[in-house]
Amino acid sequence: MPFVRRIALALAVAAFAVNPSVAQTWPNKPIRLIAVFPPGGSVDQVARILAQPLSKQLGQSVIVENIGGASGSIGTNAVAKAAPDGYTFGVVFDTHGTNASLIPNIAYDTLKDLEYVTLIGTSPMALVASAKSPYSKMADVTTEARTIKGITIGSIGTGSLGHLAMIQAGQQAGWAWTHVPFRGGGPLMNDTVAGHVPLGLGTVFLVLPHVKAGTVRPMAVTGATRHSSLPDTPTLAEAGIKNFEALAYWGVIAPAKTPPDLVNRMNAEVQKALKDPAVAERLAAQGMTVTGQGPAEFKSFMQKELERWSKIVKQNRITAGN
């Protein structure tokens with residue numbers, strides 16, 4: 001056998017032997033799970049709900065690290081730039097599908113620089129009014145939205161799905177409204193509860209605890225149908241904005257070039273965690289519909305989201321500063 005051929009064969013055998021070893025020995029140290037929004041919001045909550053069962057299943061600590069800012073893009077960039085060795089993952093939110101078109105010269109390519117592990121679940125958003133505001137039902141909001149003064153709505157950030165959804169809803173309904181961006185769900189709800197902003201738009205997951213506490217009142221949801229957690233709250237379609245639907249989502253990502261066996265292994269572990277009755281109950285109680293779609297399905301979903309929301313961003317000339 002020629003020398004070059006013997007070398008090539010030896011390398012191929014070595015590569016074959018290494019891959020199973022990597023899969024078998026992973027993980028052998030703590031795993032970093034980056035929540036791309038500040039503490040208190042839904043991304044932080046989802047990451048922490050998953051971290052506990054994952055730590056138990058994997059036999060290693062799964063440490064949640066909050067890296068917020070710029071609608072989740074700073075934390076996402078930290079994931080994209082991390083070593084693709086299976087020890088850094090991230091939990092992203094629906095802004096993941098809007099940041100690419102919103103932020104000029106964004107530091108990463110949403111599809112090329114990341115691996116898609118698991119689409120955890122989806123949730124409609126809910127427009128809520130501070131209990132300190134004059135709004136008691138959606139008709140109050142709609143009436144004022146059609147005046148010159150208009151209404152003021154807070155969201156988790158400029159270019160967030162909530163922001164873009166309200167642009168679309170406002171255009172269809174003829175509303176006059178002012179947008180107030182916040183750096184995540186925690187700050188948004190803090191100011192809505194305090195009455196500093198009269199209306200806030202966040203996921204059912206985010207707002208439901210505050211609805212139950214009586215500190216905010218639900219006005220409408222952005223799903224195609226009413227949500228089981230808020231059965232008496234109308235949809236925006238019922239409020240006169242026909243055929244309107246916008247769903248938030250949460251997913252687990254990894255750096256590009258993370259070995260496929262590790263991506264698939266983590267997906268399997270997340271899927272296992274989602275089937276844990278305690279985990280499923282906590283997510284469902286907060287308004288999430290668990291979907292548990294794997295890498296291929298999640299990436300296909302993201303491609304559609306990027307295309308859909310980039311059109312709204314471009315048509316309305318939205319940038320991170322407006």
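In case you missed it, the structure is sitting above this.
Here the structure is a predicted model, which is why all the values come from computation and not from measurement.

The rules behind the values
The residue numbering used here restarts from 1 in each chain and proceeds along that chain's sequence as written. Local features in this predicted model are restricted to residues of pLDDT 70 or higher, and side-chain atom pairs are both shown and tallied only at a pLDDT of 80 or more, whereas totals for entire chains, interfaces and linings draw on every residue. Side-chain metrics rest on all non-hydrogen atoms present in the structure, leaving aside hydrogens and water. Throughout this description, buried means an accessible area under 20% of the type-specific maximum (1.4 Å probe, protein chains only), exposed means over 50%, and partly exposed covers the range between. Comment: elements are numbered from the N terminus, with helices defined as DSSP H or I runs of at least four residues and strands as E runs of at least two. An arc is given here, and it is the one of the directions from the helix axis to the C-beta atoms. Throughout, a contact is declared for two residues whenever any of their heavy atoms are within 4.5 Å. Cavity: a set of points on a 1 Å grid over the protein atoms alone where a 1.4 Å probe fits but cannot get out. Pocket: an open set with protein on both sides within 12 Å along at least five of seven lines, its lining residues, like those of a cavity, having an atom within 4 Å of a point. Grid points are joined across faces, edges and corners, and a volume is the space filled by probe spheres set on the points. Throughout this description, the term salt bridge denotes a Lys or Arg side-chain nitrogen within 4 Å of a carboxyl oxygen of Asp or Glu. Helix axes are fitted only over the stretch in contact, all axes being lines through C-alpha atoms; the angle between N-to-C directions runs from 0 to 180 degrees. By the definition adopted for this analysis, an angle is roughly parallel if under 35 degrees, roughly antiparallel if over 145, roughly perpendicular if from 65 to 115, and oblique otherwise. Residues were grouped as follows: Ala, Val, Leu, Ile, Met, Phe, Trp, Tyr, Cys and Pro as nonpolar; Asp, Glu, Lys and Arg as charged; and all remaining residues, including Gly, as polar. We treat two strands as partners when DSSP finds at least two bridges between them.

Here we come to helix H3 (residues 73-81). Within the span of H3, buried status applies to Ser 73, Gly 75, Thr 76, Val 79 and Ala 80. When H3 is viewed along its axis, its buried side chains cluster within an angular range of 160 degrees and face the same direction. As for H3, its buried residues are in contact with strand S1 (31-35), strand S3 (88-92), helix H4 (99-102), strand S4 (114-130) and strand S9 (247-255).

One water molecule sets the probe size; rolling that probe over the atoms shows where empty space is left. What the largest pocket holds in volume is close to 190 Å³. Along the walls of the largest pocket sit 15 residues, with Gly 69, Ala 70, Ser 71, Gly 157 and Phe 182 positioned nearest its centre.

Further remarks concern the pattern of salt bridges. Applying the stated criterion across every chain yields a total of six salt bridges. Notably, a salt bridge pairs Asp 44 with Arg 48, separated by 2.7 Å at the nearest N-O pair. Of this pair, Asp 44 and Arg 48 both sit in helix H2 (residues 42-58), four residues apart, which is roughly one turn of the helix. The partner of Glu 238 in a salt bridge is Arg 226, with the nearest N and O atoms 2.9 Å apart.

Here we take up the packing of H2 against helix H10 (residues 277-285). At their nearest, the axes of H2 and H10 sit 10 Å apart, and the two run at 175 degrees to each other. Overall, the two elements H2 and H10 adopt an arrangement that is roughly antiparallel. On H10, the residues that touch Val 46, Ile 49, Gln 52 and Pro 53 of H2 are Val 279, Arg 282 and Leu 283. Here the contact of H2 with H10 is built from residues that sort into five nonpolar, one polar and one charged.

Another aspect to go through is empty space enclosed by the protein. Under the criterion given, the structure shown has two cavities of 30 Å³ or more. There is about 120 Å³ of room inside the largest cavity. Lining the largest cavity are 17 residues, with Ser 42, Phe 93, Ile 156, Thr 203 and Leu 206 sitting closest to its centre. Those elements that provide at least two residues to the lining of the largest cavity are H2, helix H6 (161-173) and strand S7 (199-203).

The next subject is the environment of Pro 234. With respect to the helices and strands, the residue Pro 234 is situated in the loop between strand S8 (216-221) and S9. Put simply, Pro 234 and Met 219 are 15 residues apart on the chain and 7.2 Å apart in space, counted from C-alpha to C-alpha. Setting aside its immediate chain neighbours within four residues, Pro 234 contacts Met 219, Ala 220, Val 221 and Arg 226.

Further remarks concern the pairing of S3. A regular strand places its side chains so that they alternate between the two faces of the sheet. Counting buried positions along S3 yields five of five residues, so the element is predominantly enclosed. Covered by surrounding structure in S3 are Thr 88, Gly 90 and Val 92 together with Phe 89 and Val 91, the residues of both alternating faces. The pairing of S1 with S3 spans four bridges and is parallel. Bridge pairing in S3 places Leu 33 opposite Phe 89. Note: S3 against S9, three bridges, orientation antiparallel.

These figures capture arrangement, not role.
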